[in-house]
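# Descriptive structure summary
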Amino acid sequence: MQDHVKKLAEDLASFIEASPSAFHAVSVLEERLKSRGFIALDEKEAWSLQRGGRYYVKRNGSSLAAFIPGKKPLWESGFHIAGAHTDSPSFRIKKEGASLQGGILRMSVETYGGPIISTWLDRNLSLAGRVVTAAGTVTVDLKDPVAIIMNQAIHMNRDMNKGVEYNKQTHLQAAFTIAEQGDERSPAELFKALVAEKAGLDADSILDMELFLYDVQKPLISGMRGEFISSSRIDNLAMCHSIVEAIGEAELQDHSSLAVFFDNEEIGSRTLQGADSSFLRDLLDRLTAVTGGKGDDSYRARALSFSISADGAHAHHPNYPESHDPAYAPKIGGGPVIKISSTYRYSTTAETAALFKKLCKSEDVPVQELINRSDIPSGSTIGTMTSALTGIASVDVGSPMFAMHSIRETAGVRDHEYMTRVLKRFYNCDLNSL
Ligand code: ZN
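Residues numbered from 1 in each chain as written. Predicted model: local features only at pLDDT ≥ 70, side-chain atom pairs only at ≥ 80, totals over all residues. Heavy atoms only, no water.

## Topic: the coordination of the zinc ion
Here is the rule we go by: For Na, K and Ca the donor cutoff is 3.2 Å, while for all other metals N, O and S atoms must lie within 2.8 Å; water is not among the atoms, so some sites may look incomplete. Between 85 and 135 degrees for all angles marks four donors as tetrahedral; over 155 degrees for opposite donors together with 65 to 115 for all other angles marks four donors as square planar and six as octahedral; every other arrangement is irregular. Secondary structure is summarised from DSSP: a helix means a run of H or I of at least four residues, a strand means a run of E of at least two, and numbering begins at the N terminus for each. Whether a residue is buried, partly exposed or exposed follows from its accessible area with a 1.4 Å probe, protein chains only, as a fraction of its type maximum: under 20%, in between, or over 50%, in that order.
Every protein donor of the zinc ion is accounted for by H85 (NE2), D235 (OD), D311 (OD) and D311 (OD), and the metal-donor separations fall at 2.0 to 2.6 Å. Classification of the site at the zinc ion as irregular follows from its four donor atoms and the range of 53 to 140 degrees in their angles at the metal. Counting gaps between the donor residues of the zinc ion yields the pattern H-x149-D-x75-D. Taken together, the positions of H85 in strand β4 (residues 79–85) and D311 in the loop between β14 (306–310) and β15 (313–314) put the pair 226 residues apart, joining distant regions of the chain. Its relative accessible area of 0% is what places H85 among the buried residues.

## Describing helix α10 (residues 413–427)
Under the convention used in this document: What a helix is expected to span follows from its residue count: subtract one and scale by 1.5 Å.
An ideal rise of 1.5 Å per residue puts 21 Å on 15 residues; α10 measures up with 22 Å between its terminal C-alpha atoms. Of all 15 residues in α10, eleven are buried, a share of seventy percent or more. Of the residues making up α10, those classed as buried are V413, D415, H416, E417, Y418, M419, T420, V422, L423, F426 and Y427.

## Digging into the sheet that holds strand β18 (residues 393–398)
The criterion, for reference: When DSSP finds at least two bridges between two strands, those strands are taken to pair. Between the N-to-C directions of two axes lies an angle of 0 to 180 degrees, each axis being a line fitted to C-alpha atoms and, for a helix, fitted only over the stretch in contact. Residue contacts are counted whenever heavy atoms from the two residues lie within 4.5 Å of one another.
Strand order across the open sheet formed by nine strands is β1-β2-β3-β13-β4-β14-β18-β16-β17, with mixed pairing between neighbours. Strands at the two margins of the open sheet, each flanked by one partner only, are β1 (39–41) and β17 (368–370). Neighbour-to-neighbour, the strand axes of this sheet turn through a mean angle of 25 degrees, independent of strand direction. Sitting on the sheet, helix α5 (residues 234–248) is in contact with β3 (63–68), β4, β13 (256–262), β14 and β18, with an inclination near 150 degrees to β4. Across the sheet, helix α8 (residues 350–362) lies against β14, β16 (337–339), β17 and β18, angled at about 55 degrees from β18, the strand it touches most.

## Quick notes on the environment of L237
Tracing the backbone shows L237 in helix α5. The class for L237 is buried, based on a relative accessible area of 1%. Through-space distance from the C-alpha of L237 to that of T137 is 23 Å; in sequence the pair is 100 residues apart. Apart from the residues lying within four places of it in its own chain, the contact partners of L237 are L12, F15, I16, S19, A25 and T86.

## Some words on the side chain of E417
When you line up the elements, E417 lands in helix α10. Given a relative accessible area of 10%, E417 falls into the buried group.

## Quick look at the sheet that holds β15
Across the sheet, which stays open at both edges, the five strands sit in the order β11-β12-β20-β19-β15 with mixed pairing between neighbours. Two strands in the sheet have a free side with no partner beyond their single neighbour: β11 (220–222) and β15. Note: β15 against strand β19 (residues 400–402), two bridges, orientation parallel. By the bridge assignment for β19, H314 is matched with M401. Packing of helix α1 (residues 3–17) onto the sheet brings it into contact with β11 and β12 (228–231), and relative to β12 it is tilted by some 5 degrees.

## Some remarks on the pattern of salt bridges
Quick note on the threshold: Each reported salt bridge corresponds to a side-chain nitrogen of Lys or Arg within 4 Å of a carboxyl oxygen of Asp or Glu.
Within this structure, the stated rule accounts for 26 salt bridges. For E110, the salt bridge goes to R92, with nearest N and O atoms at 3.4 Å. Of this pair, E110 sits in strand β6 (residues 104–112) while R92 sits in strand β5 (residues 90–101), and the two are 18 residues apart along the sequence. Given the relative accessible area of 37%, E110 is considered partly exposed. On the basis of relative accessible area, R92 is assigned to the partly exposed category, the value being 30%. Ionic pairing is found between R302 and D285, a salt bridge with its closest N-O pair at 3.1 Å. Remark: D285 occurs in helix α6 (residues 279–290) and R302 occurs in helix α7 (residues 297–303); sequence separation between them is 17 residues. A relative accessible area of 11% places R302 in the buried class.

## Focus: the nonpolar core
What counts is decided by this rule: To form a nonpolar core, buried Ala, Val, Leu, Ile, Met, Phe, Trp, Tyr and Cys residues must be joined to one another through side-chain atoms within 4.5 Å.
Core analysis: the largest hydrophobic core is formed by 55 residues, its most contacted members being I243, I308, F356 and Y427. It is α5 that contributes the most residues to this core, nine residues altogether. The residues touching I308, leaving out its near neighbours within four places in the chain, are I81, A82, G83, F356, L359, V395, V397, L423 and F426. Core analysis: the next-biggest nonpolar cluster, separate from the first, contains 32 residues, V131, F176, A196 and M209 among them.

## Some details on the packing of α1 against α5
Using the following cut-off: Roughly parallel refers to an angle under 35 degrees, roughly antiparallel to one over 145, roughly perpendicular to one between 65 and 115, and oblique to any angle outside these ranges. Take the far helix as the reference: if the near one is turned anticlockwise from it by less than a right angle, the crossing is left-handed, and if turned clockwise, right-handed.
It is the contact of α1 with α5, at a shortest axis distance of 10 Å, that shows an interaxial angle of 120 degrees. In terms of their interaxial angle, α1 and α5 are classed as oblique. In terms of crossing hand, the pair formed by α1 and α5 is right-handed. Residues L8, D11, L12, F15 and I16 of α1 touch α5, and the partners they reach there are I234, L237, A238, C240, H241 and E245.

## With respect to the side chain of T86
For the record, the criterion: Side-chain atoms alone can form a polar contact between residues adjacent in sequence; in general such a contact is a pair of N or O atoms within 3.5 Å, and within protein one must be able to donate a hydrogen while the other accepts it.
Within the fold, T86 resides in the loop between β4 and β5. Residue T86 is classed as buried on the basis of its relative accessible area, which comes to 2%. Among the polar contacts listed, one links the side chain of T86 to the backbone oxygen of S62, at a separation of 2.9 Å. Once you skip the residues sitting within four places of it in the chain, T86 turns out to touch A22, A25, V26, L29, S62, L237, C240, F261, F262 and D263.

## Describing the packing of aromatic side chains
Applicable threshold: Pairing of aromatic side chains requires ring centres within 6.5 Å, counting the rings of Phe and Tyr and the six-membered ring of Trp. Pairs whose planes differ by under 30 degrees are stacked, by over 60 edge-to-face, and all others tilted.
Inspection of every chain in the model, using the stated rule, returns eight aromatic pairs. Relative to F212, the ring of Y112 has its centre 5.6 Å away and its plane inclined at 85 degrees; by these criteria the two rings are edge-to-face. Residue Y112 is located in strand β6, and its partner F212 is located in strand β10 (residues 206–215); the two are separated by 100 residues in the primary sequence. The exposure class of Y112 is buried, given its relative accessible area of 11%. According to the relative accessible area criterion, F212 is buried, its value standing at 13%. Arranged with centres 6.2 Å apart and planes meeting at 70 degrees, the rings of F306 and F426 form a pair that is edge-to-face. Pair noted here: F306 is in strand β14 and F426 is in helix α10, with a separation of 120 residues, a long-range link. In this structure F426 comes out as buried when scored by relative accessible area, which is 0%. Put simply, the rings of W47, Y55 and F67 touch in pairs and so form one group of aromatic residues.

Honestly, it's all geometry; don't read function into it.
And the structure:
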């Protein structure tokens, strides 16, 4: 593996490790953007922008958009937009759902998105998210392996290997500690006190919490030749990483460049800060207005724009070859995947796919396509929503990966470099002259 390809994968590993929740992902994106000269803006304040300036804005601490106004007015050159999502399937702690059973303090959890549940059992789990205190909101990552959701022993269920259906209320309670004799606190109070202690907070000042479980096992480069990367949250932190690297290296062009990182894709995106919210459209219209646009300039700016929605793509699984249409079976190492669906669960059209293929060709990067088997419905992501809400033509793409939504997903090291390079090209090229 070439050095720069390996180094980029190692950087992806550190990015994922530092991002156990969407709030953390946004903090890490923010740090990286700041180090590349991006300046924070606040939605509540009035903005004044310089052409060629580098800016970012957050919503809810879990979505973020970064942008560089180009040399030409937006309504003459439009935006080059790349988007991904910051959230991943997980389990959210029900903070009052504490109980003692057999002397063990357990917390009940809600599933967030669609995790492959069995992969979360017998793992060393920690907690990350945010805590609202009397003094404000704090991002919290306990880092230590504080919780575990245990399987039953096979001797108690001899049919275990035929597949287990876990009851989400009763079987997925996470064990946190052994209760001490004489502790008079209620289980919920005990949990809050333990979290406060680990996080260095005063338990009495905690007003509310949004905490998610995550696996403490670090990402690893794997395979005999280091060709794979295995980790939690590759869907979709890998694409967030590619995009932030790409916009970090975006140079001043005629067009404006924009990167958007949305929370809540895994639960349908219909939130204050999700892809199915006003966040992106508000931002585009505001940028047009703030840079002197009038009348129908905002509509012109959007009609001139192009968007790449980047999210994980299912690689051809060698143990389940029958799951793919044989004509559309993307391979790990085979390059970015264009995702297509006749029901437009993906935003890709023949025209937007052709444009993405030209981008890949200009970087000498191989490109693949994915259409599901005709008897398996297609997945979806943020592309169609943002395209429908903004009127901006879009293509859905992603790097191929195995075991999407497992606690341990696997993707290709080379594919990550391919995708990152293509996105860099996207920000730094004139799409009309490809
Ligand atoms: Zn995804």
